[in-house]
Amino acid sequence: MKRSSLSGQIADVDLKLLRIFKTVVECGGFSAAEVELNIGRSAISRQMSDLETRLDMHLCQRGRSGFQLTDHGKLVYEATQELLVDLEKFRANVNAVHSRLIGELTLGLTDNMLTDPNSPVVEILGAFHQQEPEVKINLQVAAPNEVERAIIEGRFNIGIVPQHHDLPGLEYYDLYYETSLFYCGHNHPLFSVPTDQINIDTISQHDFIAPGYTHSVMLREQFPQLKASATSYQVEGIATLILSGQYVGFLPKHYAALWSDKQLMRALLPDTLNYKVPFKVIVRRDSRPNMLRQALLKAFKEFAAVGTKDSR
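The structure contained in this document is the topic of the report that follows. Everything numeric here is computed off the predicted structure, so don't read it as measured data.

Brief notes about the packing of aromatic side chains
Scanning the model with the defined rule gives 7 aromatic pairs in all. Consider the rings of Tyr255 and Trp259, whose centres lie 5.2 Å apart with planes at 65°: the pair is edge-to-face. Taken together, the residues span about one helical turn, with Tyr255 and Trp259 both in helix α10 (residues 253-260) at a distance of 4 residues. Residues Tyr255 and Trp259 agree in their burial class; the two are buried. Here a set of aromatic residues connected by ring pairs shows up, and it is made of Phe182, Phe208, Phe250 and Tyr275.

Focus on the packing of helix α5 (residues 121-131) against helix α11 (residues 291-306)
With their axes 10 Å apart at the nearest point, α5 and α11 run at an angle of 130° to one another. Classed by the angle they form, the pair α5 and α11 counts as oblique. For α5 against α11, the interelement crossing comes out right-handed. Residues Val121, Ile124, Leu125 and Phe128 of α5 form the contact with α11, whose own contacting residues are Leu292, Ala295, Leu296, Ala299, Phe300 and Phe303. Considered class by class, the residues forming the contact of α5 with α11 number 10 nonpolar, no polar and no charged.

Notes on α10
Every buried residue belonging to α10 is among His254, Tyr255, Ala256 and Trp259, and all of these are buried. Buried residues along α10 sit in contact with β6 (170-185), α9 (235-243), β9 (248-252) and β10 (265-267).

What to know about a nonpolar patch on the surface
A surface patch of nonpolar side chains, amounting to about 240 Å² of accessible area, comprises Ile137, Leu139 and Val141. Within the secondary structure, Ile137 is located in strand β4 (residues 135-142). Residue classification places Ile137 among the partly exposed residues on the basis of a relative accessible area of 31%.

Focus: unusual backbone geometry
We note that Asn38 has phi near 60°; this positive angle belongs to a residue other than glycine. For Asn38, the position within the fold is in the loop between α2 (30-37) and α3 (41-55). Notably, Leu269 is not glycine yet its phi reads approximately 45°, a positive angle. Along the chain, Leu269 turns up in the loop between β10 and β11 (274-284).

Digging into the nonpolar core
Formed by 23 residues in total, the largest nonpolar core has its most connected members in Val121, Ile158, Ile160, Leu175, Leu296 and Phe300. Elements that contribute at least two residues to this core include exactly β3 (103-110), α5, β5 (158-162), β6, β11 and α11. The greatest single-element share of this core, amounting to 6 residues, is contributed by α11. Aside from chain neighbours lying at most four places away, what touches Ile158 is Thr106, Leu107, Gly108, Ile151, Val281, Ile282, Val283, Arg293, Leu296, Leu297 and Phe300.

Structural notes on helix α1 (residues 12-27)
Its 16 residues place the ends of α1 23 Å apart at the C-alpha level, agreeing with the 22 Å of an ideal helix rising 1.5 Å per residue. Taken together, the buried positions of α1 are occupied by Asp14, Leu15, Leu17, Leu18, Ile20, Phe21, Thr23, Val24 and Val25. Downstream of α1 by one or two residues, Gly28 has phi in the positive range, about 85°.

Re the packing of α1 against α3
Running from N to C, α1 and α3 point in directions that differ by 120°, and their axes come no closer than 10 Å. When the interaxial angle is binned, α1 and α3 end up oblique. Both α1 and α3 take part in a crossing whose hand is left-handed. Here Val13, Asp14, Lys16, Leu17, Leu18, Ile20, Phe21 and Val24 of α1 come into contact with α3, specifically with Ile44, Gln47, Met48, Asp50, Leu51 and Arg54. Classifying every residue of the contact of α1 with α3 by side-chain character gives 9 nonpolar, 1 polar and 4 charged.

So, how was this worked out
Residues numbered from 1 in each chain as written. Predicted model: local features only at pLDDT ≥ 70, side-chain atom pairs only at ≥ 80, totals over all residues. Heavy atoms only, no water. Phe/Tyr/Trp six-rings, centres within 6.5 Å; stacked < 30°, edge-to-face > 60°. Helix = DSSP H or I, 4+ residues; strand = E, 2+ residues; numbered from the N terminus. Buried < 20%, exposed > 50% of the residue type's maximum accessible area, 1.4 Å probe, protein only. Axes fitted to C-alpha atoms, helices over the stretch in contact; angles between N-to-C directions. Parallel < 35°, antiparallel > 145°, perpendicular 65-115°, else oblique. Left-handed = near helix turned anticlockwise from the far one by under 90°. Contact = heavy atoms within 4.5 Å. Nonpolar A, V, L, I, M, F, W, Y, C, P; charged D, E, K, R; others polar. Patch = residues over 30% accessible without salt bridge, like charges linked within 9 Å, V, L, I, M, F, W, Y side chains within 5 Å. Areas by Shrake-Rupley, 256 points an atom, 1.4 Å probe, with all protein chains shown as cover. Salt bridge = Lys/Arg side-chain N within 4 Å of Asp/Glu carboxyl O. Core = buried A, V, L, I, M, F, W, Y, C linked by side-chain atoms within 4.5 Å. Expected span 1.5 Å × (residues − 1).

Right, here's the structure in full:
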C-alpha cells in the first residue's frame, strides 16, 4: 500500500491546502468558494488536486452533478476541523504565556543603595511584582565587580552597579546618579574649623581614604592634591575610618546622612569636593533570550526614559 506524503510532519503547504479544502466544503463547491478565497476556480481546482495527491486519496466529486464529498473526504474534513481548532488553542496558549511570566530571576545589587532617595529600585521591584506575581526574584547583594562577574558568568540575569568602566561582555543602561561628598568625623581636627578657613590645601594635609574600586582613578585625576593613607573597597569601611577621627574621604551623600544628620560627620567644601557616579543596569551581551530578564529590564528602561534622577 502506498504511504501518504503526510505520514511524517505536516508542512505549511499542507495547512494552506487543508484550509482551502475546508472553505470549499463549507461553501458547497468551487464556484461559491471563489469569492471567499479570492482566487479563481481553476486555481482552486489545481490546489484541491495537489491536496488529493499529497494525501493519496480522492476527496470529492465535482462536475455537472455538483460538488459532493467522498467518504474519505468527509473524514479528512472532520480531521481538518479538529486540526485547525487545535492550532487556535496552541496560538491562544502561546499568547497566554507571553502575557503571563513564570519563573525565577536573579538580580544583583550593589550594597548600600537602599538609602539613596534617587534610587528607583524599590519602587520598580514593587510595581514589577504586582504586575508579574508569579515571577520569583532572587536578590543578591555584592560588590560591583562581583555583580559584573556574576552577570558575565550567567549566575545573575540582571544587575545594577555604579559605572566605573565599560566591560566588553556587558550592556549598560542608564538608571540614576549618586552624589558623593567629602567628609570628616566629629573627632577630626577639621570638624570644628570655620568654613572660610578650609580650602583644598588645608584638606590635603590630612590622611585621605582612597576607595579601592575604580573611582580612585577618577579621584586622582579630579583631586590630585589628595594623598591616600588608607584604602577600603566598601563604603562601610570608609565610613568607619572617617568616624575614627583620623581620616577624611568621600562617601555617598545619602549614606553619610546616617551620621551627618546627627552631627557625627561634616561635609567639607561640598561645592568643590563632590562627584556624581552613574548607576547602570547591566545584562550580559549576546545572552540567550530571557523573557523574565527582558520584562524587568523594560521596567528599568521605562523609568530612565521618564528622566534620570539627579541627586540633590
